[in-house]
Amino acid sequence: MLKKNILAAVGDKPEGDRTITVVAMPSDTNPSGDIFGGWILSQMDIAGGVQANRVANGKTATVGVEHVRFMKPVKVGDLVSCYTQVKKIGNTSVSINISAWTTNHYHPGDAVKVTEGLFTYVAIDKNGLPISIRVDN
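Computed from a predicted structure; not experimentally measured.

Draft legend 1. Focus on the pairing of strand E3 (residues 78–89). Bridge analysis of strand E1 (residues 17–23) against E3 gives 6 bridges, and the strand direction is antiparallel. The residue bridging Thr21 from the neighbouring strand is Ser81, located in E3. Here 11 bridges tie E3 to strand E4 (residues 93–104), and the two strands are oriented antiparallel to one another. Each residue of the ladder has a partner; that of Lys88, found in E4, is Ser95. With antiparallel pairing between neighbouring strands as the criterion, E3 and E4 make up a hairpin whose turn holds 3 residues.

Draft legend 2. Seen up close, a nonpolar patch on the surface. On the surface, Val65, Val68 and Phe70 cluster together to form a nonpolar patch covering roughly 230 Å² of accessible area. Structurally, Val68 can be placed in strand E2 (residues 60–70).

Draft legend 3. Quick look at the sheet that holds strand E5 (residues 112–123). The strand order across the open sheet formed by 5 strands is E1-E3-E4-E5-E2, and the pairing between neighbours is antiparallel. Because the sheet does not close on itself, it has two edges, and the strands there are E1 and E2. Going across the sheet, the axis of each strand differs from the next one's by a mean of 25°, ignoring polarity. In the packing of helix H2 (residues 37–56) onto the sheet, contacts are made with E1, E2, E3, E4 and E5, and the angle to E5 comes to roughly 45°.

Draft legend 4. Quick look at the environment of Asp28. With respect to the secondary-structure elements, Asp28 resides in the loop between E1 and H2. For Asp28, a relative accessible area of 14% puts it in the buried group. As for Asp28 and Lys75, which are separated by 47 residues in sequence, their C-alpha atoms are 9.6 Å apart. The contact partners of Asp28, leaving out residues within four places of it in the chain, are Val23, Asp34, Ile35, Phe36 and Trp39.

About the criteria used
- Along each chain, residues carry numbers from 1 onward, in the same order as the chain's sequence is written.
- Predicted model: local features are reported for residues with pLDDT of at least 70 only, side-chain atom pairs are reported and counted for 80 or more only, and whole-chain, interface and lining totals are derived from all residues.
- As a rule here, side-chain values cover all heavy atoms of the structure and leave hydrogens and water aside.
- In this analysis, strands are considered paired if DSSP registers two or more bridges between them.
- Each helix corresponds to a stretch of at least 4 residues labelled H or I by DSSP, and each strand to a stretch of at least 2 residues labelled E; elements are numbered beginning at the N terminus.
- Patch building starts from residues that exceed 30% relative accessible area and form no salt bridge, then joins like charges within 9 Å and nonpolar side chains (Val, Leu, Ile, Met, Phe, Trp, Tyr) within 5 Å.
- Areas reported here follow the Shrake-Rupley algorithm with a probe of radius 1.4 Å; residue values treat only the protein chains shown as occluding.
- Here, a salt bridge means any side-chain nitrogen of Lys or Arg that lies within 4 Å of a carboxyl oxygen of Asp or Glu.
- Axis definition: a line fitted to C-alpha atoms, over the contacting stretch in the case of helices. Angles run 0 to 180 degrees between N-to-C directions.
- Residues count as neighbours in contact if any of their non-hydrogen atoms are within 4.5 Å of one another.
- The rule is simple: take the accessible area with a 1.4 Å probe, protein chains only, and divide by the maximum for that residue type; under 20% is buried, over 50% is exposed, in between is partly exposed.

Dropping the structure here:
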């Protein structure tokens, strides 16, 4: 119960849009039995791509990943939800903060932030070349 009060005191709750939720499976583990960090990054990239495609109204490609921080291990059976928050829209690119949060699907409770990072995507045409992002207001 103390942990819940500490989290509430610092306001550590998911921000942005919950873009995807997946179940961490045994095939996603590393040799230590926890979920492989690369798998978590791939889920975050998928979520960011969904959000970037919405912003660009079309296809995008990942061009950068910065400031990634792994805070807690993810266990088999955890529900992993990725939250996206658009930080900057440039001429051809969009930067998105992405955070991954887990809950245990056997014993649901408060979500715990496990990973966060800043991902950048570029809008591309059918030939893979950068194109301008048109933002409709």
